[in-house]
Amino acid sequence: MYNGILKKNIKNKAKVEGSIANAYLVEEASSFCAYYFESHVSTRHRRVPRNDDGGVVEDKEIEGNLSIFKYPGRPIGQSKKRLLKKDERNAAHLYILLNCEEVSPFIKLYIEELRRISPNITDGEVDITLENNFSTWFRAYVHEPTNTVNNPLIQDLAKGPLNTVNVYTGYYVNGYKFHTEGRSANRMTVNCGVCIKGTNYSDQSSDYYGKLIEVLEVEYPALPMKRTVLFHCEWFDPTPNVGVKIHLMYNIVDVNQRKRFHKYEPFVLASQAQQVYYIPYPSLRRARSDWQSVIKIKVRAVIELPNVVVPATASITDAFQEDTVTLQPLVLNEEGLPETLNDPAGGEVFISELVEEEEEDEETYHYSTSDNDEYYLD
């Protein structure tokens, strides 16, 4: 393939090698100079990537805007409007609050208040109370004048999202192109697989796997406009050996396509989503036909580098070199040729001894051309 590219650079067929070398030098020089052009100059290395998320949108560049509303992304296709159900609205609002950096101090304050009122409360009970009552407590706390919460964006966030949302069938984010399960149906490429990191980011068993059902653009009341995108997903059961199997030796994760996560947590932020693909096993047995292997998709134009920690005392510029090297004297014969070689283990090796050893090890093979071919060794 690369030879075909080089052949296209030939302009003078009388001097093929020179044409190829000249074209290669011109390409390398122009590519090197392109790195020093101003940012507004369009070059081959600055072209828009295939899965472009659109960058930062103007209405997200509001001074002091919340982090939950600033993540870049680009929808696919025409939008449709629909009304959120009550449980959908509550679940979406709670998930946005729990994943907003600016709300984290209020979450800690709420948990401290719970532990002060009930010193013996368990972590599980704290999580249940947080899911059921935090959004109501947060709205009352923010709008209480004595608490001096003067940020209008925090106050608008506490009111909850609007009931009407924009629905899309696809979304560009994090370098991925996501399609809903309905859009991926009857297509050669399936882009509806979603993976979300759990609480332990270093443990693969804490990941949640599912399929994208809807892309929802949620808007909060009052100006300036505050929008964020949620993925409505259907999750597989994350219970080990029931809905998920992890083969540590081969670094393979399997999910059971018939097992679903029963807890109602359908929404995640689009900024948190990673793309995966599910491959069925080539088996007709029931034990294998229900399981699919998870393949994580790599982001285009992104190279993953290993996390190598360089010690602070180590110097990259220092090269290894032995302090002392023993050199053996070189003995020359009458013809001016060396008679000895330096042995890596130390000492001297005579060339004449090496030649004699090689002659002793040589085996001469003889064979006869008669009808009965006979082979023998001297």
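See above for the structure.
Throughout, residues of each chain are indexed from 1 in the direction in which the sequence is written. The predicted nature of this model means local features are confined to residues of pLDDT at least 70 and side-chain atom pairs, given and counted, to a pLDDT of 80 or more, with totals for whole chains, interfaces and linings taken over all residues. To get the side-chain values, take all heavy atoms of the structure and skip hydrogens and water.

**Structural notes on the layout of surface pockets**
Buriedness of a pocket was judged along seven lines, with at least five required to meet protein on both sides within 12 Å; pockets are open sets of points on a 1 Å grid over the protein atoms alone, cavities are sets where a 1.4 Å probe fits but cannot get out, and lining residues have an atom within 4 Å of a point. Grid points are joined across faces, edges and corners, and a volume is the space filled by probe spheres set on the points. Taken as a whole, the largest pocket holds about 1,400 Å³ of empty space. Sorting the residues of the lining of the largest pocket by element identifies α3 (86-98), α4 (104-117), α5 (123-142), α6 (152-159) and β11 (267-269) as the ones contributing at least two each. Ranked by residues supplied to the lining of the largest pocket, first place goes to α3 with eight residues. Classes in brief: Ala, Val, Leu, Ile, Met, Phe, Trp, Tyr, Cys and Pro nonpolar; Asp, Glu, Lys and Arg charged; the others, Gly included, polar. Counted by class, the lining of the largest pocket contains 17 nonpolar, 12 polar and 10 charged residues. In this description a helix means any DSSP run of H or I spanning at least four residues, a strand means any run of E spanning at least two, and both kinds are numbered starting from the N terminus.

**Quick notes on α6**
The periodicity of an α-helix, 3.6 residues per turn, causes residues three or four positions apart to be oriented the same way. Within α6 the residues assigned to the buried category are L153, I154, D156, L157 and A158. By the convention used here, residues are in contact when the closest approach between their heavy atoms is within 4.5 Å. On the buried face of α6, the contacting elements are α3, α4, α5, β7 (208-220) and β8 (226-235). Under the rule applied, a polar contact is a pair of N or O atoms within 3.5 Å (in protein, one hydrogen donor and one hydrogen acceptor; residues adjacent in sequence only if both atoms are side-chain atoms). N-cap assignment for α6: the residue whose side-chain oxygen lies 3.0 Å from the backbone N of L153 is N151. The first or second residue beyond α6 is G160, which carries a positive phi of 95°. Here's how the labels work: a residue is buried when its accessible area is under 20% of the maximum for its type, exposed when over 50%, partly exposed in between, all with a 1.4 Å probe on protein chains only.

**Looking at the sheet that holds strand β1 (residues 74-76)**
Across the sheet, which stays open at both edges, the three strands sit in the order β1-β4-β5 with antiparallel pairing between neighbours. Because the sheet does not close on itself, it has two edges, and the strands there are β1 and β5 (176-179). Each strand axis lies, on average, 20° off the axis of its neighbour in the sheet, ignoring direction. Strand pairing is assigned whenever DSSP identifies at least 2 bridges connecting the two strands. Pairing of β1 with strand β4 (residues 170-173) involves three bridges; the strand directions are antiparallel. Directly across from I76, in β4, lies its bridge partner G170. Orientation is described by lines fitted to C-alpha atoms, with helices fitted over the stretch in contact, and by angles between N-to-C directions that extend from 0 to 180 degrees.

**Concerning the state of the cysteines**
Covalent bonding between the sulfur atoms of two cysteines defines a disulfide. Sulfur atoms of two cysteines make up a disulfide when they are within 2.5 Å. Here the structure, examined in full by the defined rule, presents zero disulfides. The closest cysteine sulfur to the non-disulfide-bonded C233 is located on C192, 9.8 Å from its own sulfur. Taking relative accessible area as the criterion, C233 reaches 4% and is therefore assigned buried.

**A closer look at the pairing of strand β12 (residues 274-280)**
Every other side chain in a regular strand lies on the same face of the sheet, so the side chains alternate between the two faces. Taken together, the three bridges between strand β6 (residues 193-196) and β12 define a ladder with antiparallel strand orientation. The residue bridging V194 from the neighbouring strand is Q275, located in β12. Both β12 and strand β13 (residues 291-296) contribute to a ladder of five bridges, which runs antiparallel. Bridge assignment links Y278 to a residue of β13, and that residue is V294.

**A word on a nonpolar patch on the surface**
A cluster of nonpolar side chains, namely V190, Y277, I279, I295 and I297, defines an oily patch on the protein surface of about 360 Å² accessible area. A residue is classified by how much of its surface remains accessible, and Y277, at 35% relative accessible area, is partly exposed. Patches were defined on residues exceeding 30% relative accessible area and lacking a salt bridge, with like-charge contacts within 9 Å and nonpolar side-chain contacts (Val, Leu, Ile, Met, Phe, Trp, Tyr) within 5 Å. Residue-level accessible areas treat just the shown protein chains as cover; the underlying method is Shrake-Rupley with a 1.4 Å probe. Any Lys or Arg side-chain nitrogen located within 4 Å of an Asp or Glu carboxyl oxygen qualifies as a salt bridge.

**Things to note about the pattern of salt bridges**
Working definition: two side chains of opposite charge can pair if their charged atoms are close together. Taken as a whole and assessed by the stated rule, the structure comprises 13 salt bridges. A salt bridge links R227 to E219, with the shortest nitrogen-to-oxygen separation between them at 3.7 Å. Owing to a relative accessible area of 26%, R227 belongs among the partly exposed residues under this scheme. K263 is the salt-bridge partner of E265, the closest N and O atoms lying 3.2 Å from each other. A residue is classified by how much of its surface remains accessible, and K263, at 40% relative accessible area, is partly exposed. Through salt bridges with shared partners, a single ionic network connects R82, E88 and E214.

**Description of the environment of H232**
You can see H232 is positioned in strand β8. As for H232 and E265, which are separated by 33 residues in sequence, their C-alpha atoms are 9.1 Å apart. Aside from chain neighbours lying at most four places away, what touches H232 is E88, K211, L212, I213, E214, L216, P266 and F267.

**Focus on α3**
For α3, with 13 residues, the first-to-last C-alpha span of 18 Å sits near the 18 Å given by 1.5 Å per residue. Of all the residues in α3, the buried ones are E88, A91, A92, H93, L94, I96 and L97. Given a helix with a known number of residues, its expected span is that number minus one, times 1.5 Å.

**A short note on the packing of α5 against α6**
It is at 9 Å that the axes of α5 and α6 come closest, and there the two elements cross at 145°. Considering only the axes of α5 and α6, their crossing is left-handed. Residues F138, R139 and V142 of α5 form the contact with α6, whose participating residues are I154, Q155, A158 and K159. Its residues placed into classes, the contact of α5 with α6 shows four nonpolar, one polar and two charged. Note on convention: near helix rotated counterclockwise from far helix by under a right angle means a left-handed crossing. Clockwise means right-handed.

**Considering the packing of aromatic side chains**
Stacked, edge-to-face and tilted labels apply to pairs of Phe, Tyr and Trp rings (six-membered ring for Trp) whose centres lie within 6.5 Å, assigned for plane angles under 30 degrees, over 60, and everything in between, in that order. Per the stated rule, a full pass over the model turns up 14 aromatic pairs. Ring geometry for F106 against F138: centres 5.3 Å apart, planes inclined by 75°, an arrangement best described as edge-to-face. Separated by 32 residues along the polypeptide, F106 in helix α4 and F138 in helix α5 bring together distant segments of the chain. Seen from their ring centres, Y110 and W137 are 5.0 Å apart, and the 50° between their planes marks the pair as tilted. Taken together, the residues Y110 in helix α4 and W137 in helix α5 connect sequence positions 27 residues apart.

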